[in-house]
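# Examination of the molecular architecture
Now for the letters of each chain:
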Number of protein chains: 2
Amino acid sequence: MTRFDVLAVGNAIVDIISRCDDQFLIDNSITKAAMNLIDAERAELLYSRMGPALEASGGSAGNTAAGVANFGGRAAYFGKVAEDQLGEIFAHDIRAQGVHYQTESKGTFPPTARSMIFVTEDGERSMNTYLGACVELGPEDVEADVVADAKVTYFEGYLWDPPRAKEAIRECARIAHANGREVSMTLSDSFCVDRYRGEFLDLMRSGTVDIVFANREEALALYETRDFEEALTKIAADCKIAAVTMSEHGAVILRGNERYRVDAIELKELVDTTGAGDLFAAGFLYGYTQDRSLEDCGKLGCLAAGIVIQQIGPRPTVSLADAARETGLI
Amino acid sequence: MTRFDVLAVGNAIVDIISRCDDQFLIDNSITKAAMNLIDAERAELLYSRMGPALEASGGSAGNTAAGVANFGGRAAYFGKVAEDQLGEIFAHDIRAQGVHYQTESKGTFPPTARSMIFVTEDGERSMNTYLGACVELGPEDVEADVVADAKVTYFEGYLWDPPRAKEAIRECARIAHANGREVSMTLSDSFCVDRYRGEFLDLMRSGTVDIVFANREEALALYETRDFEEALTKIAADCKIAAVTMSEHGAVILRGNERYRVDAIELKELVDTTGAGDLFAAGFLYGYTQDRSLEDCGKLGCLAAGIVIQQIGPRPTVSLADAARETGLI
């Protein structure tokens with residue numbers, strides 16, 4: 001019996017969410033549907049141009065940890081905030097969801113990371129992330145006992161952006177595998193894949209990572225192809241399990257020669273795609289650590305993703321466990 | 001031609017919003033549907049017991065100023081935040097809505113006010129407000145030129161809670177009337193009325209306040225009666241114009257012997273009543289400063305209130321001007 005089902009590691013971020021039109025993205029050179037990395041100066045400029053906003057704890061892996069806990073799974077999280085009000089908000093929200101979170105924060109500068117998320121009328125989100133205190137995450141933040149006692153350690157590809165987080169991840173992977181656990185990652189964003197393609201492929205091919213999450217664009221970017229079937233074949237060969245999401249077309253799960261197609265759930269209204277991939281990973285990993293079939297894992301992922309995109313903000317405000325029970329999935 | 005339609009003065013607050021059940025309110029001795037004043041220690045305790053939350057700029061009069069601007073009116077605001085991240089959020093959001101906001105913030109302690117708002121399944125909100133930096137608002141924060149150049153200066157009864165804000169309000173009223181402008185207030189909360197009944201009645205009967213906003217419970221509390229008709233007759237005698245809201249039963253507007261009944265709008269779903277009264281005042285004052293009939297002012301108030309209670313958070317994320325145009329009100 002392990003202490004945790006899923007340990008998630010990522011950039012600890014508070015989201016600042018506002019609506020805008022497509023012209024705003026063009027006028028401000030924001031790449032639509034992507035994660036745009038920005039520095040403090042640009043953060044200030046964009047914020048001065050942003051409309052009235054809502055704040056919500058976010059961060060890709062943070063959303064996944066919160067999602068696993070929301071399903072009733074036992075989750076832990078490593079990620080760095082500063083000792084400031086946004087940091088308090090982040091720590092409160094993830095702990096209030098029942099996630100183990102003890103990463104030490106050190107001082108007030110750099111401040112807690114924030115991502116200004118502009119949601120356009122089509123529900124698509126375009127993120128502008130100032131990494132702030134996330135740049136300080138390093139191997140000293142690895143709680144070895146937590147890694148050793150978590151069935152799956154999951155991390156976001158975004159962690160290759162700050163300077164030392166990858167060292168923490170390699171240390172986590174070493175401890176996890178030494179204890180017979182598994183390691184999982186999300187490719188995060190197709191531009192992130194472009195930045196770190198070689199390293200991500202190494203992580204997979206060396207067996208450092210067992211389970212890979214990607215969306216269609218990320219899988220295509222990883223293999224620099226426009227042929228989705230080619231990308232699927234290659235990703236299946238490069239890791240033990242791959243879960244590839246395809247927006248409204250659901251997801252496909254691959255393990256060796258096995259392949260499972262899962263449908264997306266029906267939506268009443270697409271409000272805000274923020275957190276879709278994170279919550280797919282949450283549902284999948286919740287199912288996986290409960291020893292569910294890969295097909296059911298995919299269904300749990302699609303359920304959680306479908307719920308989060310029908311609300312504002314990256315973490316479902318409803319009970320995922322209740323939703324899964326209602327649909328007969330658990 | 002004045003520079004502003006409405007100047008609003010109030011406690012500058014960031015809302016921290018979460019859902020809970022009725023038992024949580026009972027277990028934590030929170031008076032339901034009321035504004036509970038709390039100190040820093042209780043704020044910390046309640047936050048530790050609160051579930052994952054969303055943050056949104058709030059404050060009763062701040063919501064009204066934002067609402068007036070959202071309708072297309074020219075709004076200004078006085079209210080005190082600290083030099084901290086919540087203060088930056090508050091200032092950004094009200095300015096991003098187009099409201100003039102220049103109240104000076106001084107230092108980081110006490111921190112920016114926050115209200116922990118627990119929303120129960122019935123959509124009712126129960127607020128727990130730590131006043132923080134709001135206690136520092138005083139007559140030195142009155143921008144005399146703004147008061148002199150605003151058609152209506154509106155303030156919240158809640159301002160009687162911090163120590164020196166009432167001095168600022170008396171100064172505002174003096175300047176406003178010396179310049180031929182009008183002064184308006186909301187009674188804010190029936191418990192607030194209980195705390196300051198005599199002073200509120202003095203403000204009305206002395207002519208310091210011309211236009212009074214109240215909901216049913218506040219009007220009853222003001223005159224210590226359970227007879228609503230008695231309360232309406234008395235409030236009409238005590239001020240030039242009274243606008244009394246009655247939740248799903250709409251509102252009644254009184255001026256001398258004139259009386260206008262306005263219906264509430266039909267709701268798809270009641271989500272969160274936070275901001276209902278504030279947005280009623282916004283719609284009413286927007287219409288009033290555009291020289292609309294009292295009946296139309298009431299309709300604009302009911303429209304804005306009906307919109308804000310169908311979303312989470314105290315400030316409409318949709319365009320009130322568009323909504324008013326769609327319903328033919330402007």
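Residues numbered from 1 in each chain as written. Chains lettered and ligands numbered in written order. Predicted model: local features only at pLDDT ≥ 70, side-chain atom pairs only at ≥ 80, totals over all residues.

## A look at the overall build of chain A
- Helices and strands together make up the secondary structure of chain A, namely 12 helices and 14 strands.
- Over its C-alpha trace chain A gives a radius of gyration of 18 Å, about what one expects of a compact globule, namely 20 Å for 330 residues.
- Overall size of chain A, expressed as C-alpha extent along the three principal axes, is 50 × 40 × 40 Å.
- Out of the 330 residues belonging to chain A, those deemed buried represent 56%.
- By sequence separation, contacts in chain A at least 24 residues apart represent 76% of the contacts at least 6 residues apart. (Helix = DSSP H or I, 4+ residues; strand = E, 2+ residues; numbered from the N terminus. Rg over C-alpha atoms; globule rule 2.2 N^0.38 Å. Buried ≥ 20, exposed ≤ 12 C-beta atoms within 10 Å, placed from the backbone. Contact = placed C-beta atoms within 7 Å.)

## Here's the deal with the sheet that holds strand S2 (residues 13–19) of chain A
- Spatial ordering of the open sheet is given by S3(A)-S8(A)-S7(A)-S2(A)-S4(A)-S4(B)-S2(B)-S7(B)-S8(B)-S3(B), a layout of 10 strands whose pairing is mixed. Edge strands, defined here as strands with exactly one partner in the open sheet, are strand S3 (35–38) of chain A together with strand S3 (35–38) of chain B. For this sheet the average axis-to-axis angle between neighbouring strands, irrespective of direction, equals 25 degrees.
- With seven bridges connecting them, S2 of chain A and strand S7 (residues 113–119) of chain A associate as parallel partners. Following the sheet pairing, serine 18 of chain A is matched in S7 of chain A by phenylalanine 118 of chain A.
- Relative to strand S4 (residues 54–57) of chain B, helix H4 (residues 85–96) of chain B is tilted by about 55 degrees, and along the sheet it contacts strand S4 (54–57) of chain A together with strand S2 (13–19), S4 and strand S7 (113–119) of chain B. (Pairing = 2+ DSSP bridges. Axes fitted to C-alpha atoms, helices over the stretch in contact; angles between N-to-C directions.)

## A closer look at the nonpolar core
- Core analysis: the largest hydrophobic core is formed by 229 residues, its most contacted members being Ile235 of chain A together with Ala65 and Ile235 of chain B.
- Filtering out sequence-adjacent residues up to four positions away, isoleucine 235 of chain B remains in contact with Val212, Ala214, Ala219, Leu222, Ala242, Val244 and Leu254 of chain B. (Core = buried A, V, L, I, M, F, W, Y, C linked by C-beta atoms within 7 Å.)

## Quick notes on the interface of chain B and chain A
- Facing 22 residues of chain B, the contacting portion of chain A comprises 22 residues.
- Of all elements in the fold, only S4 and H4 of chain B reach the threshold of two or more residues within the side of chain B that touches chain A.
- By residue number, the principal contributor to the side of chain B that touches chain A is H4 of chain B, which donates six residues.
- Relative to S4 of chain B, S4 of chain A is paired through three bridges, and the arrangement is antiparallel. Within the sheet, the bridge partner assigned to leucine 54 of chain A lies in S4 of chain B and is alanine 56 of chain B.

## What about the environment of arginine 19 of chain A?
- Inspection of the secondary structure assignment puts arginine 19 of chain A in strand S2.
- Arginine 19 of chain A gets classed as partly exposed once you count the C-beta atoms within 10 Å, which come to 19.
- Put simply, arginine 19 of chain A and valine 135 of chain A are 116 residues apart on the chain and 28 Å apart in space, counted from C-alpha to C-alpha.
- With residues near it in sequence (within four places) discarded, arginine 19 of chain A still touches Gly51 and Val119 of chain A together with Thr317 of chain B.

## Thoughts on the relation of the copies chain B and chain A
- Here chain B sits on chain A after a turn of 180 degrees about the axis and a move of 0.0 Å along it, with an RMSD of 0.0 Å. Between the two chains, the operation in question is that of a two-fold axis. In terms of proximity to the rotation axis, the leading residue of chain B is glutamate 55 of chain B, whose C-alpha is 2.4 Å off the axis.
- Of the residues that chain B buries at the interface, 100% are likewise interface residues in chain A, meaning the two copies contact each other through the same surface. (Least-squares fit on C-alpha atoms with pLDDT ≥ 70 in both.)

## Observations regarding the pairing of strand S14 (residues 258–262) of chain A
- With five bridges joining them, strand S13 (residues 251–255) of chain A and S14 of chain A adopt antiparallel strand pairing. In the strand pairing of S14 of chain A, isoleucine 253 of chain A is matched with tyrosine 260 of chain A.

## A short note on the environment of threonine 225 of chain A
- Tracing the sequence through the fold places threonine 225 of chain A in the loop between helix H8 (216–222) and helix H9 (228–238).
- A C-alpha to C-alpha distance of 27 Å links threonine 225 of chain A and isoleucine 26 of chain A, two positions 199 residues apart in sequence.

## Details of H9 of chain A
All names here are of chain A.
- Of the residues making up H9, those classed as buried are Ala231, Leu232, Ile235 and Ala236. When H9 is viewed along its axis, its buried side chains cluster within an angular range of 130 degrees and face the same direction. For H9, the exposed residues lying more than 90 degrees away from the buried face are Glu229 and Ala237.
- In the core, the buried residues of H9 are packed alongside strand S11 (211–215), H8, strand S12 (241–245) and S13. (Arc of directions from axis to C-beta.)

## Some words on unusual backbone geometry
All names here are of chain A.
- Along the chain, phenylalanine 109 connects to proline 110 via a cis peptide bond; the corresponding omega equals -5 degrees.
- A positive phi angle, close to 45 degrees, is found at glutamate 224, a residue other than glycine.
- Relative to the elements of secondary structure, glutamate 224 occurs in the loop between H8 and H9.
- By the C-beta count within 10 Å, which is 10 here, glutamate 224 ends up exposed.

## Regarding helix H7 (residues 190–205) of chain B
Residue and element names in this part refer to chain B.
- Helix length check: H7, at 16 residues, gives a terminal C-alpha distance of 19 Å against a target of 22 Å (1.5 Å per residue), a shortfall beyond 12%.
- At tyrosine 196, H7 is bent by approximately 85 degrees, the largest bend along its length.
- If you follow the buried residues of H7, they end up packed against S3, strand S10 (182–186), strand S11 (211–215), helix H8 (216–222) and helix H9 (228–238).
- Backbone geometry just after H7 places glycine 207 at a positive phi near 80 degrees. (Expected span 1.5 Å × (residues − 1). Bend = angle between axes of the 7 residues up to and from the residue.)

## Considerations on the confidence of the model for chain A
- Chain-level pLDDT for chain A is 98 on average; 100% of the residues reach the 70-or-more range.
- Both confidence scores are given for the complex: pTM 0.98, ipTM 0.97. (pLDDT = per-residue confidence, 0-100.)

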